[in-house]
Amino acid sequence: MEVYARPALTSFRAQKFVRKPQVIMRLVASVCAVVVFGCIATVVDEYGICPYDTRGSRTGCAFGIAAGVLAFVTCFLFLPLDVMFDRQGNVFVRRMIVVADLAFSAVWAVIWLSAFSVLIDQWRKYSPKFDSWDYRNTRIADNSRAAIASSFCSVIVWVALTVCACIRLNKFSHQGLSNPVTATVDRALPPWDFAGQYVLGDSFMQPPFTGENYLEVPHFQPMVY
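This is a predicted model, so every value here is computed, not measured.

Trainee: Which residues make up the pattern of salt bridges, and what values do they have?
Mentor: Considering all chains together, one arrives at five salt bridges under this definition. Between Arg26 and Asp82 there is a salt bridge, with the nearest N and O atoms lying 2.8 Å from each other. One end of the pair, Arg26, is in helix H2 (residues 21–47); the other, Asp82, is in helix H3 (residues 59–87), with 56 residues separating them in the sequence. As far as the burial class goes, Arg26 and Asp82 line up, both buried. In this structure, Glu46 engages Arg139 in a salt bridge whose closest nitrogen and oxygen atoms are separated by 3.1 Å. Taken as a pair, Glu46 in helix H2 and Arg139 in helix H5 (residues 135–175) lie far apart in primary sequence, 93 residues in all. By relative accessible area, which is 44% here, Glu46 ends up partly exposed. Through salt bridges with shared partners, one network takes in Arg26, Asp82, Asp101 and Arg168.

Here you go:
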């Protein structure tokens, strides 16, 4: 049976929210994503070439741009969930938010690792074409290296988000029943109210005899058989 915690009634504080580690890392990840797809899109749009493809196709650029755009959207989709987590009294919902955060962070860490590997491998093969020190080649090389560096930073940030989500999820199993906000009960609860008092409603709910480990209910008369 699920235990519901009292919903948070405190007002939302933006200063406290933006200081959270996962929020800071999401903002950093979004900036890295913007740099990746911005640098690649600039080169493709201005010069009509993709510096990460040696055979004339634009698969590497398309992969980098798609990863950057989707990662940017994902970061901002999880910010409302971070707000909801603090104001959510339902234990099951809180746990599902953390599990979703863990799954998405792990997936994006793998995607960015793949993107970094593709970009740096293709740039290694294509970079000799930009050895001349003219303005065009210098601009293409600078944008290409910036995209590679940002993709590497994205790998680190998303791995850190995965670790952070693991730590948050681990708290659910360690806190146990000590905290009603993060506790679940897998057994049937007796008729108690939240103040810890025995609910005397139906007569069949009353214990037939008293004994050790029974809670003492005021004015309770044991039945005589």
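So that's the structure; there's more coming.
Trainee: Explain the packing of H2 against H3 to me, and be specific about the residues and the numbers.
Mentor: For the pair H2 and H3, the least separation of the axes is 8 Å and the interaxial angle reads 155°. Comparing the axis directions of H2 and H3 gives the class roughly antiparallel. Considering how the two elements wind past one another, H2 and H3 form a crossing that is left-handed. Of the residues assigned to the contact of H2 with H3, the class counts are 19 nonpolar, four polar and two charged.

About the thresholds
- Residues numbered from 1 in each chain as written.
- Predicted model: local features only at pLDDT ≥ 70, side-chain atom pairs only at ≥ 80, totals over all residues.
- Heavy atoms only, no water.
- Salt bridge = Lys/Arg side-chain N within 4 Å of Asp/Glu carboxyl O.
- Helix = DSSP H or I, 4+ residues; strand = E, 2+ residues; numbered from the N terminus.
- Buried < 20%, exposed > 50% of the residue type's maximum accessible area, 1.4 Å probe, protein only.
- Axes fitted to C-alpha atoms, helices over the stretch in contact; angles between N-to-C directions.
- Parallel < 35°, antiparallel > 145°, perpendicular 65-115°, else oblique.
- Left-handed = near helix turned anticlockwise from the far one by under 90°.
- Nonpolar A, V, L, I, M, F, W, Y, C, P; charged D, E, K, R; others polar.

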